[in-house]
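Report on the structure
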Amino acid sequence: MNRSQLESYIIENYNVEPDFPWVKYPNYEVFRHSGSRKWFALIMEIRSAKLGLPGEGMLDILNLKCDPLLIGSLRTAPGFFPAYHMNKESWITLALDGSVPEDQIKALLDMSYELTKDKKRGKA
């Protein structure tokens, strides 16, 4: 799944539009949960070397909120990295270079969306 396909998938399946909060980085897109307005996905373009990859080419990446119990095992799989510029205990970075299967990206998007929804509050 490339960046364009991912953008379309998020817009169509979660009924949200991207925010572009940084003038300095017009390619950085934030997708917010429709209920809580919390971020559930962040798409960026960064130098691959920032993730420890060889070369100075640019790479599209996706940051997602993730179950902390999964993060350690995901980081050992191709295309996964410690969260770039996010809390590394509850976020993960995925390369959008074809190394992460599309069905896995979609499942992790669903998880991120669920993890960022409004929490139900019990009666006091």
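Check the entry above for the structure.
Remember, it's a predicted structure, so these values are computed and weren't measured experimentally.

Considering the environment of phenylalanine 40
Residue placement: phenylalanine 40 occurs in strand 2 (residues 39–47). Owing to a relative accessible area of 0%, phenylalanine 40 belongs among the buried residues under this scheme. Taking the C-alpha atoms as reference, phenylalanine 40 lies 8.9 Å from methionine 111; in sequence the two are 71 residues apart.

A word on unusual backbone geometry
You will see that asparagine 15, though not glycine, has its phi angle at about 55°, which is positive. Considering the arrangement of structural elements, one finds asparagine 15 in the loop between helix 1 (3–14) and strand 1 (29–32). Look at asparagine 15 and you get exposed, because its relative accessible area is 69%. Phi angles above zero are rare outside glycine, and arginine 37 is one such case at about 70°. Relative to the assigned elements, arginine 37 resides in the loop between strand 1 and strand 2.

Notes on the packing of helix 1 against helix 3 (residues 102–115)
Remark: helix 1 packs on helix 3, axes separated minimally by 12 Å, with the N-to-C direction vectors making an angle of 45°. By the criterion of interaxial angle, the relationship of helix 1 to helix 3 is oblique. The way helix 1 lies across helix 3 gives a crossing that is right-handed. Packed against helix 1, whose contacting residues are Leu6, Tyr9, Ile10 and Tyr14, the element helix 3 presents Ile105, Lys106, Leu109, Asp110 and Tyr113 at the interface. By residue class, the composition of the contact of helix 1 with helix 3 is seven nonpolar, no polar and two charged.

Some thoughts on the pairing of strand 2
Direction of pairing for strand 1 relative to strand 2: antiparallel, over a ladder of four bridges. Pairing of glutamate 29 across the sheet is with isoleucine 43, part of strand 2. Adjacent in sequence and paired antiparallel, strand 1 and strand 2 are bridged by six residues, among which arginine 37 carries a positive phi angle near 70°. As paired strands, strand 2 and strand 3 (residues 58–65) are joined by seven bridges and run antiparallel to one another. The residue bridging leucine 42 from the neighbouring strand is asparagine 63, located in strand 3.

How each quantity is defined
- Residues numbered from 1 in each chain as written.
- Predicted model: local features only at pLDDT ≥ 70, side-chain atom pairs only at ≥ 80, totals over all residues.
- Heavy atoms only, no water.
- Helix = DSSP H or I, 4+ residues; strand = E, 2+ residues; numbered from the N terminus.
- Buried < 20%, exposed > 50% of the residue type's maximum accessible area, 1.4 Å probe, protein only.
- Axes fitted to C-alpha atoms, helices over the stretch in contact; angles between N-to-C directions.
- Parallel < 35°, antiparallel > 145°, perpendicular 65-115°, else oblique.
- Left-handed = near helix turned anticlockwise from the far one by under 90°.
- Contact = heavy atoms within 4.5 Å.
- Nonpolar A, V, L, I, M, F, W, Y, C, P; charged D, E, K, R; others polar.
- Pairing = 2+ DSSP bridges.

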